[in-house]
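Structural features, examined
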Amino acid sequence: MKSKAGFSSFLLILLFACWLNAQDATREIDAFVEAEMSRQKIPGISLAVVKNGAPLLVKGYGFSNVEHSVSVKPETIFQSGSVGKQFTAFAVMMLIEEGKASLDDKLLKHLPDIPSEWNAITIRHLLTHTAGLGDYPRDFDLQRDATEAEIFKKLQAVKPAAAPGERWAYSNVGYMTLGVLIRKVSGKFYADFLQERVFKPLGMTTARVISERDIVANRAAGYILVNGELKNQTWVAPTLNTTADGALYLTALDMVKWEGALAAGKLLSKASYEEMWKPVQLNNGSKHPYGFGWALSSVNQHRIIEHSGAWQGFKAHIARFPDKKLTVIAFANLAQANPGQIVHGIARIIDPELKPKPMNDPDPAHTAQMKVLLQEVLDKKVDLNRFTAEMQTAIKDSDRLAELIKALGAMKTFAFMDKVESPAATRFRYKVEYAEMNLSLIIVIDKAGKIAGFGLQPE
């Protein structure tokens, strides 16, 4: 039998070895982040790494304000972009658990004045980007201030490009509508609801809705590169900075507390969490890897629950690897930054099993054709006869999507990820890496050989 003294010595040696490993990982992460910041020309990064339920690293790099040489620190406040969608979805689920609404309620039940074309849309459709709605209308002026009611009236000019549940198409309009729904059902502005029911209970003391007017301590400045030169972010009207599609101020410290709540299953039931992180099923029975405000994927059979965000000279990314009890969060104050690449790079440093293995592409010629197809769609030179009648309408109306994708810079890689076959169709997923962001391209081909689904989502 070992003596207590011997066991204590062994425990100290083990703890010291773990400490050394953590120190080595921290140094490697520091070097990686600094190299990426230099390569991507990012002024500042705020980073949080949570492993086994505890913060492994919470640190700032570079400058939160270049003009005043203010360094990034864990308390530095960044803008969420679409990372805020997961909070909107969370608020909706809280209302559903209270019995004030249900996932399959028609939107019409709660917002009776919507256009008749929206009558079949459900809350679930809005949460999963399957309502058939797209992005902001073409004449949507981001520099013109308006009330929430005026904005919503403008959004109602968006005609569904597909029947609800027919296909997946990322929709800021859908999540802005969820903000209106939250006010209608709860009687409170969605950000006030979050403050009272989520941020305050979880101790997220600096999380809040964006306000350019308020004095906000430790607020970072957002930047954009123009011809290689750093410029201040483009101004957006005040009310447009308060909508539920992603308009929050967050810090790395706030996000550590958020991750703790998600890992522990706080504030919502287990069933609600499972619903949020379940792939949406489309009308034809196929599934799309997106839940409620979260993109779903895997690496080497390990689950990934993640989302990115982009807004006003800021980028954000959270990636959760629940099988590994690892979460990595990064904020950047540059419009062209690719924090997703940084987040996944850090995950691979901490756990090499999260490094993607070379994919066995069963049909490289088909992959090459899909790469050409994507470019043809973006260039508006695609043969519409290759698509189903419903998809033809969506492709015709993809001007704004093309503008957004082209703004991401040159395509760096296009790679096969996986293929899922069902009785009705075959779904292909490709990873498309741009200079500023990584995207997943989902293409669904029906049994007649027509393209029945075509969607891009941020990784």
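Sequence order as written defines residue numbering, which begins from 1 separately in each chain. This being a predicted model, a pLDDT of at least 70 is required before a residue's local features are given, and a value of 80 or more before pairs of side-chain atoms are given or counted; all residues contribute to the totals for chains, interfaces and linings. The basis for every side-chain value is the complete set of heavy atoms in the structure, and neither hydrogens nor water enter the calculation.

1. Describing helix α6 (residues 172-186)
Applicable threshold: Labels follow the DSSP assignment, with helices taken as runs of H or I lasting at least four residues and strands as runs of E lasting at least two, numbered in each case from the N terminus. To estimate the expected span of a helix, subtract one from its residue number and multiply by 1.5 Å. Only protein chains enter the calculation, and the probe is 1.4 Å; a residue is then buried if its accessible area is under 20% of its type maximum, exposed if over 50%, and partly exposed in between.
Its 15 residues place the ends of α6 21 Å apart at the C-alpha level, agreeing with the 21 Å of an ideal helix rising 1.5 Å per residue. Across the 15 residues that make up α6, a large majority, 13, are buried.

2. A few points about the packing of aromatic side chains
Spelled out, the test is: Pairing of aromatic rings covers Phe, Tyr and Trp, the last through its six-membered ring, and needs centres within 6.5 Å; plane angles under 30 degrees mean stacked, over 60 mean edge-to-face, and all others mean tilted.
Tallying each qualifying case throughout the model produces 17 aromatic pairs. Measuring from centroid to centroid gives 6.0 Å for F78 and F314, while their planes differ by 85 degrees, and the two rings are edge-to-face. Within this pair, whereas F78 is found in strand β4 (residues 78-79), its partner F314 is found in strand β13 (residues 314-321), the two being separated by 236 residues in sequence. You can call F78 buried: its relative accessible area is 0%. Ring plane angle 25 degrees and centroid distance 5.1 Å describe the contact between F414 and Y430, whose orientation is recorded as stacked. Here F414 is found in strand β15 (residues 411-421), whereas its partner Y430 is found in strand β16 (residues 425-434), with 16 residues between them in sequence. Across this residue pair, the class does not change: F414 and Y430 are buried. A connected cluster of aromatic rings, assembled from ring pairs, spans F87, F90, F199, W258, Y273, W277 and W294.

3. Examining the sheet that holds strand β8 (residues 248-250)
The pairing of strands in a sheet comes from backbone hydrogen bonds and takes either a parallel or an antiparallel form. Cut-off, in case you're wondering: Strands were regarded as paired on the criterion that DSSP finds at least two bridges between them.
Spatial ordering of the open sheet is given by β4-β8-β5, a layout of three strands whose pairing is antiparallel. If you trace the sheet from one side to the other, it starts and ends with β4 and β5 (208-209), each paired once. With two bridges connecting them, β4 and β8 associate as antiparallel partners. For F78, the partnering residue across the bridge sits in β8 and is L250.

4. Details of the pairing of strand β2 (residues 54-65)
When a strand is regular, its side chains alternate between the sheet's two faces. As judged from the eight bridges shared by strand β1 (residues 44-51) and β2, these two strands associate in the antiparallel manner. In the strand pairing of β2, V50 is matched with P55. Adjacent in sequence and paired antiparallel, β1 and β2 are bridged by two residues, among which N52 carries a positive phi angle near 55 degrees. Both β2 and strand β3 (residues 70-71) contribute to a ladder of two bridges, which runs antiparallel. Within β3, the position partnered with F63 by the bridge is S71. Between the end of β2 and the start of β3, which pair antiparallel, lie four residues, with S69 showing a positive phi angle near 55 degrees.

5. Remarks on the sheet that holds strand β18 (residues 451-458)
Formally: Every axis corresponds to a line fitted to the C-alpha atoms, with the helix fit spanning only the stretch in contact, and the corresponding angles, defined between N-to-C directions, vary from 0 to 180 degrees.
Taking strand neighbours across the sheet as the criterion, the four strands line up as β15-β16-β17-β18 in an open arrangement whose pairing is antiparallel. One side of each edge strand has no neighbouring strand; the edge strands of this open sheet are β15 and β18. Taking the axes of each pair of neighbouring strands and ignoring which way they run, one obtains an average angle of 20 degrees across the sheet. Where β16 lies against strand β17 (residues 438-446), nine bridges are found, and the strand directions are antiparallel. Directly across from Y430, in β17, lies its bridge partner L441.

6. Topic: the side chain of D105
The condition is simple: Here a polar contact means two N or O atoms within 3.5 Å. Within protein one must be a hydrogen donor candidate and the other an acceptor candidate, and residues neighboring in sequence count only if both atoms are side-chain atoms. Contacts are assigned to residue pairs with any non-hydrogen atoms lying within 4.5 Å of each other.
Mapped onto the fold, D105 is located in the loop between α2 (85-97) and α3 (107-110). Of the residues examined, D105 reaches a relative accessible area of 9% and is grouped as buried. There is a polar contact of 2.7 Å between the side chain of D105 and the side chain of S102. Look past the residues within four positions of D105 in its chain and what remains in contact with it is H110, I121, T122 and I123.

7. Some words on the environment of L194
Within the secondary structure, L194 sits in helix α7 (residues 190-202). In this structure the C-alpha to C-alpha distance between L194 and R208, which are 14 residues apart in sequence, comes to 8.3 Å. Excluding residues that lie within four positions of it along the chain, L194 makes contacts with F87, A91 and F199.

8. What about the confidence of the model for the chain?
Counted only if it meets this: The score called pLDDT rates the predictor's confidence residue by residue, from a low of 0 to a high of 100.
On average, the chain scores 90 in pLDDT, and the residues at 70 or more come to 94%. The low-confidence segment residues 12-20, where pLDDT is below 50, has zero contacts with residues more than four positions distant or belonging to other chains.

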